[in-house]
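Chain residues, written in single-letter form:
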Amino acid sequence: STRAPQDVELPDNETRDRYIDKKNRICTGSIDMTVSIYDARLRLLKRIKWGNVYAIMHDPTGVYWISTKGQGLIKAIETSQGNFKLQHFKHKADDPYSLSNDNIYFTFQDSRQRLWVATYGGGLNLIETMPDGTLRFINHRNLLKRYPISHFYKVRHITEDNQGRIWVSTTA
């Protein structure tokens with residue numbers, strides 16, 4: 001008997017992002033809140049529930065930044081055993097240096113090694129590492145006071161041109 005193909009309309013078939021890391025592994029994030037990691041021959045190595053993933057970024061230090069819709073930002077560091085140590089960042093109304101929103105659509109590292117976070121509802125965030133190693137998020141609620149939040153609060157994507165200018169795409 002021939003098996004029926006997997007239903008292409010199932011939620012676990014909707015991939016939001018894919019990324020090829022430095023080890024040539026393919027990482028995908030799907031709408032069913034799963035990150036799947038495959039080797040170069042497309043053999044599944046690991047499947048992890050990390051949230052409704054919108055984007056995956058792997059920085060030069062080896063850290064994965066997982067942008068999620070509604071669950072904030074996840075910093076994932078791979079251990080020597082192949083597992084991941086997670087740090088979860090979320091919006092906190094009483095902390096102006098927390099994320100400005102939990103809907104993260106994209107994370108971008110510019111040529112100056114700064115990490116930018118696109119939030120859909122809270123505008124642009126810049127990650128700042130404090131002397132003690134903790135992270136804080138610079139946004140319209142703190143040091144980015146001149147950011148035009150009333151017009152550009154739904155940020156979808158961030159990039160940089162060859163002159164080092166940051167470009168932000170938004171939904172009005």
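Calculation criteria
- Residues numbered from 1 in each chain as written.
- Predicted model: local features only at pLDDT ≥ 70, side-chain atom pairs only at ≥ 80, totals over all residues.
- Heavy atoms only, no water.
- Phe/Tyr/Trp six-rings, centres within 6.5 Å; stacked < 30°, edge-to-face > 60°.
- Helix = DSSP H or I, 4+ residues; strand = E, 2+ residues; numbered from the N terminus.
- Buried < 20%, exposed > 50% of the residue type's maximum accessible area, 1.4 Å probe, protein only.
- pLDDT = per-residue confidence, 0-100.
- Contact = heavy atoms within 4.5 Å.
- Pairing = 2+ DSSP bridges.
- Salt bridge = Lys/Arg side-chain N within 4 Å of Asp/Glu carboxyl O.
- Polar contact = N/O pair within 3.5 Å; in protein donor to acceptor, adjacent residues only side chain to side chain.

Peer 1: Would you explain the packing of aromatic side chains in this entry?
Peer 2: Counted under the stated rule, the structure contains five aromatic pairs. Residues Trp50 and Phe84 carry aromatic rings whose centres are separated by 5.3 Å and whose planes lie at 85° to one another, so their mutual orientation is edge-to-face. You can see Trp50 sitting in the loop between strand S4 (44–49) and strand S5 (53–58) and its partner Phe84 sitting in strand S8 (residues 84–89), a full 34 residues away along the chain. Here Trp50 matches Phe84 in class, with each residue buried. A centroid spacing of 4.3 Å and a plane angle of 25° characterise the contact between Tyr54 and Tyr105, whose relative ring orientation is stacked. Pair noted here: Tyr54 is in strand S5 and Tyr105 is in strand S9 (residues 104–109), with a separation of 51 residues, a long-range link. When its relative accessible area of 15% is taken as the criterion, Tyr54 is described as buried. According to the relative accessible area criterion, Tyr105 is buried, its value standing at 9%. A network of ring pairs unites the aromatic residues Trp50, Tyr64 and Phe84 as a single cluster.

Peer 1: Just to check I follow, could you spell out unusual backbone geometry for this structure?
Peer 2: Generally, phi is negative for residues other than glycine and the peptide bonds are trans, each holding for most cases. At Asn24, a position not held by glycine, the phi torsion is positive, near 60°. Here Asn24 lies in the loop between strand S1 (15–20) and strand S2 (26–30). Although it is not a glycine, Gln113 sits at a positive phi angle of roughly 70°. Tracing the chain through its elements places Gln113 in the loop between S9 and strand S10 (115–119).

Peer 1: Would you explain the confidence of the model for the chain in this entry?
Peer 2: Reading fine detail from the predicted coordinates is not recommended where pLDDT is low. Per-chain confidence: the chain averages 90 in pLDDT, with 92% of residues scoring 70 or above. Below pLDDT 50 for its whole length, residues 1–5 participates in zero contacts with residues either more than four positions away or in separate chains.

Peer 1: Can you help me understand the pairing of strand S7 (residues 73–78) in this one?
Peer 2: For a regular strand, side-chain orientation follows a simple rule: the groups alternate between the two sheet faces. Where strand S6 (residues 63–68) lies against S7, five bridges are found, and the strand directions are antiparallel. Along S7, the bridge assignment pairs Val63 with Ile77. Relative to S8, S7 runs antiparallel, the two sharing six bridges. Paired with Ile74 across the strands is His88, a residue of S8.

Peer 1: I keep staring at the pattern of salt bridges and nothing clicks. Help me out?
Peer 2: Charged atoms that come close allow side chains of opposite charge to pair. One pass over the full model with this rule turns up eight salt bridges. Arg25 is paired through a salt bridge with Asp21; the nearest N and O atoms lie 2.8 Å apart. Pair check on accessibility: Arg25 and Asp21 agree, each one buried. With a closest N to O distance of 3.7 Å, Glu78 and Lys23 form a salt bridge. With Glu78 in strand S7 and Lys23 in the loop between S1 and S2, this pair connects stretches of sequence that are 55 residues apart. What makes Glu78 partly exposed here is its relative accessible area of 22%. Overlapping salt bridges, with partners in common, bring together Asp21, Lys23, Arg25 and Glu78 in one network.

Peer 1: Help me out: how do you make sense of the environment of Lys49 in this one?
Peer 2: Note on placement: Lys49 falls in strand S4. If near-sequence neighbours (up to four positions away) are discounted, Lys49 is found in contact with Asp32, Met33 and Thr34. Of note is the side chain of Lys49, whose polar atom sits 3.0 Å from the backbone oxygen of Asp32. Within the structure, Lys49 has its side chain in polar contact with the side chain of Thr34 (distance 3.2 Å).

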